[in-house]
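Residue-level structural notes
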Amino acid sequence: MIRLFSVLIALSVALAACAPAPTTMGTDGKALPKLYRISRSDSGKLQFRMLDSVNALRGASGLAEVQLDAALNAAAATHSRDMANQNRPWHFGSDGSSPVDRIQRVGYTGALVGEVISETYETELETLAAWMEQPDTRRIIMASDAQNMGFSWHQESSGKIWWTMVLGK
């Protein structure tokens, strides 16, 4: 009897391990986002994954590719950290700076096409998909005159990520 009971418990545990993990639902009935932690090994690849993804979208629409620009990356990184410090996603810096001010400060000599931002726990590609669903951010990413792109982020210890993409010409 004890042996049968032990086998039944072992089978129950094994079957429970095969069941999918429960999804935590939000008050809106949608699954809550899973924590996306950016590791040191991934951080160097993120900008290129985003660049490749943006260029694939642009190419599918017959638009020219954009190039990653170090100055625009620096402007994006500065703004991502500043948004986290302010704890709000918006286009003005804590010092009142605009996207134009920030690209000039880092020495970018071209003109601003636009800036897209996000506060999320999602991956960079999920964030890009969300940006592409919104007409205003899609218009910036798909601007025909865009030539350069800067992309960066700041991740808080809680896992929240502040993403910034800057496009210039």
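Scroll up a little and you will see the structure.
Everything in this summary refers to the structure shown in the same document. What you are looking at is a predicted structure, and each value in this text was computed from that prediction instead of being measured. Think of each chain on its own: its residues are numbered from 1, step by step along the sequence as written. Local features in this predicted model are restricted to residues of pLDDT 70 or higher, and side-chain atom pairs are both shown and tallied only at a pLDDT of 80 or more, whereas totals for entire chains, interfaces and linings draw on every residue. To get the side-chain values, take all heavy atoms of the structure and skip hydrogens and water.

1. Topic: helix H5 (residues 124–133)
- Buried, partly exposed and exposed residues are distinguished by accessible area as a fraction of the type maximum, computed with a 1.4 Å probe on protein chains only: under 20%, between the cut-offs, and over 50%, respectively. What counts as a helix is a DSSP run of H or I of at least four residues, what counts as a strand is a run of E of at least two, and both are numbered from the N terminus. By the burial criterion, the buried members of H5 are Glu124, Thr127, Leu128, Trp131 and Met132. Seen end-on, H5 carries its buried residues on one side only, within an arc spanning 140 degrees. Our arc is simply the arc of the directions from the helix axis toward the C-beta atoms.

2. Description of the nonpolar core
- In terms of nonpolar packing, the biggest core is built from 23 residues, with Trp131, Ile141, Met149, Trp163 and Met165 touching the most fellow members.
- Among the elements of the structure, helix H2 (40–60), H5, helix H6 (135–141), strand E3 (148–155) and strand E4 (161–168) are those that each provide at least two residues to this core.
- By convention a nonpolar core is built from buried Ala, Val, Leu, Ile, Met, Phe, Trp, Tyr and Cys residues, the set being connected through side-chain atoms within 4.5 Å. With seven residues, the next largest nonpolar core counts Leu72, Ala75, Ala76 and Ile103 among its residues.

3. Concerning the side chain of Thr164
- Assignment of secondary structure puts Thr164 in strand E4.
- Whenever two N or O atoms come within 3.5 Å, that pair is a polar contact, provided that in protein one can donate a hydrogen and the other can accept it, and provided that, for residues adjacent in sequence, both atoms are side-chain atoms. A distance of 2.8 Å separates the side chain of Thr164 from the side chain of Ser80, its partner in a polar contact.
- Discounting chain neighbours no more than four positions away, the residues touching Thr164 are Ala76, His79, Ser80, Met83, Glu115, Val116, Ile117, Gly150, Phe151 and Ser152. Any two residues whose heavy atoms approach within 4.5 Å are treated as being in contact.

4. Quick notes on the packing of H2 against H5
- Helix axes are fitted only over the stretch in contact, all axes being lines through C-alpha atoms; the angle between N-to-C directions runs from 0 to 180 degrees. For the pair H2 and H5, the least separation of the axes is 10 Å and the interaxial angle reads 35 degrees. When you trace H2 past H5, the crossing you get is right-handed. Residues Leu46, Arg49, Met50, Ser53, Val54 and Leu57 of H2 pack against Glu124, Leu125, Leu128, Trp131 and Met132 of H5.
- Class assignment for the residues of the contact of H2 with H5 results in eight nonpolar, one polar and two charged. Each helix crossing is assigned a hand: it is left-handed if the near helix lies turned anticlockwise from the far helix by less than a right angle, otherwise right-handed if that turn is clockwise. Residue classes follow a fixed rule: Ala, Val, Leu, Ile, Met, Phe, Trp, Tyr, Cys and Pro count as nonpolar, while Asp, Glu, Lys and Arg count as charged, and any other residue, Gly among them, counts as polar.

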